[in-house]
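Spelled out from the first residue to the last, the chains are:
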Amino acid sequence: MSQETVFDLELIRRYDKSGPRYTSYPTAPQFDEGFGESQYRERAARTNAEQPLRPLSLYFHIPFCDTVCFYCGCNKMATKDRGLAQPYLDRIYKELELQGALFDRSRTVDQLHWGGGTPTFISHDQMRELMTVTGRHFTLRDDDSGEYSIEIDPREATAETVALLREIGFNRMSLGVQDFNPQVQKAVNRIQSEAETLAVLEAARREGFRSTSMDFIYGLPFQSVESFGKTLDRAIEIDPDRLSIFNYAHLPEIFKPQRRINEADLPAPEVKLEILQMTIEKLTAAGYLYIGMDHFAKPDDELAVAQREGTLYRNFQGYSTHAECDLIGIGATSIGMVGASYSQNLRGVGEYQERLDSGRLAVFRGTGLSDDDLLRRDVITRLICHFRLEFAALEARHGIRFADYFATELDELKEMVEDGLITLDGRGIEVQPAGRLLIRNVCMVFDRYLREKQAQQRFSKVI
């Protein structure tokens with residue numbers, strides 16, 4: 001499969017509309033409160049009866065941040081009070097106990113992720129304790145073969161922090177940077193020196209972290225093609241294994257911190273497109289491959305290898321090499337995927353803690369997946385991860401005839417064929433280089449809830 005990406009400005013302008021990012025299907029607007037703790041427990045029990053038993057993935061949400069970044073749309077609590085962390089962790093320990101009792105201990109944790117917020121907001125002792133308690137209730141890998149990752153704010157980590165994280169089992173990290181330009185940093189309230197970022201990255205390399213990633217955002221105040229190009233040049237010199245280049249979606253009516261950003265300072269839409277084009281050209285020339293959905297990786301990175309081998313997957317943390325895992329969400333607002341279901345914990349820290357104090361799981365909404373959901377999720381996952389879909393394999397897995405089941409969708413795809421986004425024949429769909437940036441548009445054709453106008457959430461633009 002070709003991993004080439006072509007930037008076609010005319011096509012991008014024509015197809016640039018809002019749509020889901022498909023970290024799940026069905027997407028979060030389809031979650032409802034009719035799916036709660038009892039339904040979750042039932043789904044967990046079913047997975048213990050299946051053969052072979054699937055391994056587990058654990059996601060921990062640490063919501064605290066020392067300062068708020070104005071662009072942020074995450075569920076977080078900005079505070080200087082480090083004392084708030086321990087009461088929250090105490091409830092996480094209770095949740096680990098409750099969740100651990102639901103799953104067969106022979107099911108190893110092949111994937112683990114701490115996200116936030118700022119996971120390194122907690123102290124070194126608390127980090128060690130959190131991993132210890134996790135191992136008390138779940139079977140962690142002790143041979144460094146798991147994919148154990150953490151999101152790092154370089155302002156909240158030292159070389160000693162990195163050494164500790166490696167010691168307790170982490171082997172991958174992503175560093176939040178956003179932009180090296182001081183003017184941009186000031187405008188979004190994230191003052192972070194290049195030296196701070198490099199110190200953490202160099203420590204990770206010394207300690208033997210197997211993968212390092214750096215996160216950037218384009219579309220922030222005062223960014224230009226020239227200024228962001230300089231940031232990317234420096235990132236290329238630093239040479240991380242992966243780069244994530246996210247599009248800033250300015251939605252101040254939804255995310256309050258964004259109201260502190262002056263809209264007049266944001267780059268115009270045409271400038272954002274120029275920045276994106278420059279980004280693709282620069283990173284491609286430097287040897288990075290476009291994995292999809294904002295992600296770039298070196299050809300020998302495990303994401304790039306998984307994409308070539310057809311084993312890449314996508315979940316709430318983004319692209320993954322562990323499609324076979326059941327995902328358990330730990331902490332406020334965390335989302336899990338257990339069996340044929342999705343579930344989400346209570347969003348507020350206070351209500352989350354109160355629920356755990358009552359001895360109950362914090363699940364407050366979710367959804368069970370129908371056969372149609374599973375089929376469409378398979379279609380969307382194959383397209384968004386691998387940019388191709390083989391009808392015969394899908395038909396064998398789901399017992400359908402593709403041309404009959406998706407007759408309406410195939411008719412809609414004809415325009416994309418004419419525009420050169422995809423090729424389509426009796427064997428399958430192949431996304432062309434000009435269609436890779438517009439993969440969300442292709443996936444949206446197969447989204448039944450969008451078709452039936454059941455998805456009411458405001459989505460970000462596809463580009």
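Residues numbered from 1 in each chain as written. Predicted model: local features only at pLDDT ≥ 70, side-chain atom pairs only at ≥ 80, totals over all residues. Heavy atoms only, no water.

A.B. asks: Account for the packing of aromatic side chains, with residues named and values stated.
C.D. replies: According to the stated counting rule, one finds 15 aromatic pairs in the structure shown. Between Tyr25 and Tyr449, the ring centres sit 5.8 Å apart and the planes meet at 45 degrees, which makes this aromatic pair tilted. Residue Tyr25 is located in the loop between helix H1 (9-15) and helix H2 (37-48), and its partner Tyr449 is located in helix H18 (residues 448-451); the two are separated by 424 residues in the primary sequence. The pair formed by Tyr25 and Tyr449 is uniform in burial state, with each residue classed as buried. (Phe/Tyr/Trp six-rings, centres within 6.5 Å; stacked < 30°, edge-to-face > 60°. Helix = DSSP H or I, 4+ residues; strand = E, 2+ residues; numbered from the N terminus. Buried < 20%, exposed > 50% of the residue type's maximum accessible area, 1.4 Å probe, protein only.)

A.B. asks: Please provide a residue-by-residue account of the sheet that holds strand E18 (residues 388-390), values included.
C.D. replies: Spatially, E18-E20-E19 is the arrangement adopted by the 3 strands of the open sheet, whose pairing is antiparallel. The open sheet terminates on both sides in strands that have one partner only, identified here as E18 and strand E19 (422-424). Adjacent strand axes in the sheet meet at a mean angle of 15 degrees when their direction is disregarded. Looking at chain direction, E19 and strand E20 (residues 428-431) are connected through 3 bridges and run antiparallel. Bridging from a neighbouring strand, Leu424 pairs with Ile429 of E20. Across the sheet, helix H12 (residues 371-386) is in contact with E18 and E20; its angle to E18 comes to roughly 135 degrees. The strands that helix H13 (residues 391-398) touches are E18, E19 and E20; relative to E18, the one it contacts most, it runs at about 60 degrees. (Pairing = 2+ DSSP bridges. Axes fitted to C-alpha atoms, helices over the stretch in contact; angles between N-to-C directions. Contact = heavy atoms within 4.5 Å.)

A.B. asks: Account for the pairing of strand E10 (residues 289-292), naming residues and giving values.
C.D. replies: Where E10 meets strand E11 (residues 295-297), 3 bridges bridge the pair, whose relative direction is antiparallel. Pairing of Tyr290 across the sheet is with Phe296, part of E11. Counted between consecutive antiparallel strands, the loop separating E10 from E11 contains 2 residues, among which Met293 sits at a positive phi close to 45 degrees.

A.B. asks: Break down the pattern of salt bridges for me, with residues and values.
C.D. replies: Applying the stated criterion across every chain, the model contains 38 salt bridges. A salt bridge links Asp404 to Arg401, with the shortest nitrogen-to-oxygen separation between them at 2.9 Å. A relative accessible area of 53% places Asp404 in the exposed class. Where Arg451 meets Glu412, a salt bridge forms, and the shortest distance between an N and an O atom there is 2.5 Å. Taken as a pair, Arg451 in helix H18 and Glu412 in helix H15 (residues 407-412) lie far apart in primary sequence, 39 residues in all. (Salt bridge = Lys/Arg side-chain N within 4 Å of Asp/Glu carboxyl O.)

A.B. asks: So what about the side chain of Arg355? Which residues, and what values?
C.D. replies: Tracing the chain through its elements places Arg355 in helix H11 (residues 349-357). With no salt bridge to any partner, buried Arg355 finds its closest opposite charge in Glu37, at an N-O distance of 5.2 Å. In this structure Arg355 touches Leu346, Arg360, Leu361, Ala362 and Val363, once residues within four positions along its chain are discounted. (Lys, Arg positive; Asp, Glu negative; His and termini not counted.)

A.B. asks: Tell me about the packing of H12 against H13, and please be specific about residues and values.
C.D. replies: Geometrically, a packed helix pair is captured by the angle between its two axes and the distance between the axes. Their axes nearest at 11 Å, the elements H12 and H13 cross at an angle of 155 degrees. By the angle class used here, H12 and H13 are roughly antiparallel. Along this stretch, H12 crosses H13, giving a crossing that reads as right-handed. Counted together, Leu374, Leu375, Asp378, Val379 and Arg382 of H12 and Leu394, Arg397 and His398 of H13 form the full contact between these two elements. The residue makeup of the contact of H12 with H13, split by class, is 4 nonpolar, 1 polar and 3 charged. (Parallel < 35°, antiparallel > 145°, perpendicular 65-115°, else oblique. Left-handed = near helix turned anticlockwise from the far one by under 90°. Nonpolar A, V, L, I, M, F, W, Y, C, P; charged D, E, K, R; others polar.)

A.B. asks: Tell me about the environment of Ile150, and please be specific about residues and values.
C.D. replies: Inspection of the secondary structure puts Ile150 in strand E6 (residues 147-152). With 30 residues separating them along the chain, Ile150 and Thr120 place their C-alpha atoms 8.9 Å apart.

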